[in-house]
Amino acid sequence: MGAAGLEVLILEKDTLPGRSVVSCPLLLSSGMQLLDEIGIEESIYAPDNTRFAGVALEMSEYFRTFVEIPDVYGRHFLYGIDRQVLDEALWKNLDRFSNVTQLENFSVRELQKNEEGRVNGVIGMFKGGESQAFSANCVIGADGRHSIVARKANAVVTEEVTQYNTAVYYAYWEGVEPYKALEKEWVQIHSGCNGFSAVVIPASKGLTGVLAQCRHDYFDAPAGVDEWYHSTLQSFPRVLGRLKNARQVTALSGMKNVGNLFRQASGKGWALAGDAYHQKDSYDAQGIYDALLGAKILASQLTDWKEGKKSWDMAMESYNSEVHDALHPMFMSTLDRLKREMFSSPSPKMANGLLRWVLTNKKYRERFGLLATRSIPPKNWASPAVMISAILSGAVSDIRRKRNQEEWWKLPAL
Ligand SMILES: Cc1cc2nc3c(=O)[nH]c(=O)nc-3n(C[C@H](O)[C@H](O)[C@H](O)COP(=O)(O)OP(=O)(O)OC[C@H]3O[C@@H](n4cnc5c(N)ncnc54)[C@H](O)[C@@H]3O)c2cc1C
């Protein structure tokens, strides 16, 4: 919107830099490409070049597989990033636009409405207690999962799936051993195949995010979340081994119940973007991409409206349908993956057979890399043909495997 010449006021309740949003992210090439579009260079949000070939997925002690990031958008890697660094880069980038004004330490508390009920501004408070009102033709709630704009506008939840909610907590650690295999370095995802998992994401400044996650209905922390976090990590020797010489340097962050939902995207004089509009589990690392993509779609529709090319209703109708079509299929795919990998506990026979044949299959892994980077449509990304061929070739290679033949998917001895 800044580039399109619109007058924009951005209100942020915290101070930048230094504030922290609950997030411990991986950034995929799809998200990087959207950051390129808004003029933010890679060296700014990933200053320590924390690049990885992809993800090493360990299925308990059964087997591991590697999902490489395919060469799309000119990049074949992902980054572990520090949210504070990314947010500061986004914030500073706005300095380029004289028509964009930023105000920190201002918390929005209420929406202002005209006599017809159309939102035409906000009322809020600076840290320190001074309150102020701002008027606007449109108020955008890009204020995260607990969006005050969504609440005050009575945005309807249009779709919610509660069955696959998870609890996730993380802290940053210093001195975590790198995960090296096949002459590359990887982000580690360790699934316990029991409703619990851990993810290890090296980020900037020598720090590594270590996450523990579980099905919401398995979350039980009578002695507090710190105890829960450490005992969950204790149950994963392959993660714990990397922490032998490491030290936890931040307090725990996270949430007990990560929601999966869509809200109504807009109403009279208001619109929602990012997590305020759509929340989903962090399992597939899609939140930042979705937030950037949704904001891009919204900016284009608002520009058309402000330039008189569309009425408000027409612009918002287009925003609603475009953003839903762009995000919903991936949402379904993430739910599906949660169901398979977090909410089912395969028997040893199933894990060593069907599951391994599929997850280690080259074509399946390539398709998953393309899916995660949003380079193929999520619907039917693993078609019956891909699955059947993965199962057949897995079973046949097991039968034909000679003694002493390399089994690259075997986990190294502990
Ligand atoms: C544990 C965890 C791990 C994750 N991992 C990944 C990952 O690997 N990859 C990925 O892409 N995504 C990941 N995500 C998701 C990602 O963090 C979110 O999807 C993304 O942050 C959404 O961005 P947003 O701008 O919509 O909201 P937020 O990042 O929450 O930003 C909202 C902003 O609004 C401000 N604000 C809130 N209320 C007010 C108010 N009343 N007045 C003024 N300002 C206000 C906040 O201070 C904040 O700056 C993860 C999330 C979690 C919880």
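What counts and what doesn't
Residues numbered from 1 in each chain as written. Predicted model: local features only at pLDDT ≥ 70, side-chain atom pairs only at ≥ 80, totals over all residues. Heavy atoms only, no water. Helix = DSSP H or I, 4+ residues; strand = E, 2+ residues; numbered from the N terminus. Rg over C-alpha atoms; globule rule 2.2 N^0.38 Å. Buried < 20%, exposed > 50% of the residue type's maximum accessible area, 1.4 Å probe, protein only. Contact = heavy atoms within 4.5 Å. Areas by Shrake-Rupley, 256 points an atom, 1.4 Å probe, with all protein chains shown as cover. Phe/Tyr/Trp six-rings, centres within 6.5 Å; stacked < 30°, edge-to-face > 60°. Lys NZ or Arg CZ within 6 Å of the ring centre and 35° of its normal. Domains from an automatic or database assignment. Buried area = accessible area lost by both parts, 1.4 Å probe. Near = heavy atom within 4 Å. Polar contact = N/O pair within 3.5 Å; in protein donor to acceptor, adjacent residues only side chain to side chain. Nonpolar A, V, L, I, M, F, W, Y, C, P; charged D, E, K, R; others polar. Arc of directions from axis to C-beta. Salt bridge = Lys/Arg side-chain N within 4 Å of Asp/Glu carboxyl O. Core = buried A, V, L, I, M, F, W, Y, C linked by side-chain atoms within 4.5 Å.

**Student:** Pulling in residues and values, what's your account of the overall build of the protein?
**Tutor:** Of the regular secondary structure elements, the protein holds 11 helices and 24 strands. The globule rule puts the C-alpha radius of gyration for 414 residues at 22 Å, and the 23 Å found for the protein is close to it. Expressed along its principal axes, the backbone C-alpha trace of the protein runs to roughly 80 × 45 × 40 Å. For the protein, buried positions account for 51% of its 414 residues. Pairs at least 24 residues apart make up 73% of the contacts formed inside the protein by residues separated by at least 6 positions. Of the roughly 19,500 Å² of accessible surface on the protein, a fraction of 52% belongs to carbon and sulfur atoms.

**Student:** Which residues make up the packing of aromatic side chains, and what are the values?
**Tutor:** For the structure on display, the rule yields 18 aromatic pairs. Summarising the aromatic geometry, the rings of Tyr 45 and Tyr 79 are spaced 6.3 Å apart at their centres and angled 85° between planes, so their arrangement reads as edge-to-face. Placement of Tyr 45 in helix 2 (residues 42-45) and of Tyr 79 in strand 6 (residues 78-80) is noted, with a sequence separation of 34 residues between them. Using a relative accessible area of 2% as the deciding quantity, one classes Tyr 79 as buried. Consider the rings of Tyr 170 and Tyr 172, whose centres lie 6.1 Å apart with planes at 85°: the pair is edge-to-face. Look at Tyr 170 and you get buried, because its relative accessible area is 7%. Taken together, the ring pairs in this structure connect Phe 262, Tyr 277, Tyr 319 and Phe 331 into an aromatic cluster. Stacked on the ring of Phe 77, the Lys or Arg Arg 51 has its end atom at 3.9 Å from the ring centre. Lying over the aromatic face of Tyr 218, Arg 215 brings its terminal NZ or CZ to 4.2 Å of the ring centre.

**Student:** Give a detailed account of the domain arrangement of the protein, specifying residues and quantitative values.
**Tutor:** Split by domain assignment, the protein resolves into domain 1 (8-20 + 83-159 + 260-337) and domain 2 (348-400). Centre-to-centre separation of domain 1 and domain 2, based on C-alpha positions: 37 Å. In this complex, domain 1 contributes 10 residues to the contact, which on the side of domain 2 involves six residues. Both faces considered, domain 1 and domain 2 share a buried interface measuring about 600 Å² in area, 56% of it formed by carbon and sulfur atoms.

**Student:** Provide a residue-level description of the site of the ligand, including the pertinent values.
**Tutor:** The environment of the ligand is made up of 29 residues, and the closest members are Glu 12, Arg 19, Ser 23, Leu 26 and Arg 83. Within the side chain of Arg 83, one N or O atom sits 2.5 Å away from an oxygen atom of the ligand. Ile 288 places a main-chain nitrogen or oxygen 2.8 Å from an oxygen atom of the ligand. Considered on its own, the ligand offers 990 Å² of accessible surface; in the complex 88% of this is hidden by protein. Among the secondary structure elements, those contributing two or more residues to the shell around the ligand are strand 8 (106-113), strand 13 (166-174) and helix 7 (287-306). The leading source of residues in the shell around the ligand is strand 8, at three residues. By residue class, the composition of the shell around the ligand is 15 nonpolar, seven polar and seven charged.

**Student:** How would you sum up helix 10 (residues 362-372)? Please name residues and give values.
**Tutor:** Listed in full, the buried residues belonging to helix 10 are Tyr 364, Arg 365, Phe 368, Gly 369, Leu 371 and Ala 372. End-on view of helix 10: buried residues confined to an arc of 160°, all on one side of the axis. Those residues of helix 10 that are buried lie in contact with helix 1 (29-37), strand 5 (63-68), helix 8 (312-341), helix 9 (348-359) and helix 11 (384-400). The N-cap of helix 10, judged by a side-chain oxygen 3.1 Å from the amide nitrogen of Lys 363 a few residues on, is Asn 361.

**Student:** Could you give an account of helix 9, with specific residues and numbers?
**Tutor:** Inspection of helix 9 places Ala 351, Gly 353, Arg 356, Trp 357, Val 358 and Leu 359 among the buried residues, and these make up the whole buried set. Where helix 9 is buried, its residues touch strand 4 (54-59), strand 5, helix 8, helix 10 and helix 11.

**Student:** Give a description of the pattern of salt bridges that names residues and reports values.
**Tutor:** Scanning the entire structure with this criterion turns up 27 salt bridges. Lys 309 is the partner of Glu 307 in a salt bridge, and the nearest nitrogen-oxygen pair spans 3.0 Å. Using a relative accessible area of 46% as the deciding quantity, one classes Glu 307 as partly exposed. On the accessibility criterion, Lys 309 (56% relative accessible area) is exposed. Through salt bridges that share partners, Arg 356, Asp 398, Arg 401, Glu 407 and Lys 410 make up one connected network.

**Student:** An account of the environment of Gly 369 is needed here, citing residue identities and associated values.
**Tutor:** Relative to the assigned elements, Gly 369 resides in helix 10. In this structure the C-alpha to C-alpha distance between Gly 369 and Val 72, which are 297 residues apart in sequence, comes to 9.8 Å. Here Gly 369 is in contact with Val 67, Glu 68 and Pro 70, once residues within four sequence places are set aside.

**Student:** Give a description of the nonpolar core that names residues and reports values.
**Tutor:** The biggest cluster of nonpolar side chains holds 56 residues, and the ones touching the most others in it are Leu 27, Tyr 45, Tyr 79, Ile 81, Leu 272, Met 316 and Tyr 319. When residues in this core are grouped by element, the largest group, nine residues, is from helix 8. With sequence-adjacent residues up to four places away left out, Tyr 45 is seen in contact with Leu 27, Met 32, Leu 35, Ile 40, Arg 75, Tyr 79, Ile 81, Val 85 and Leu 86.

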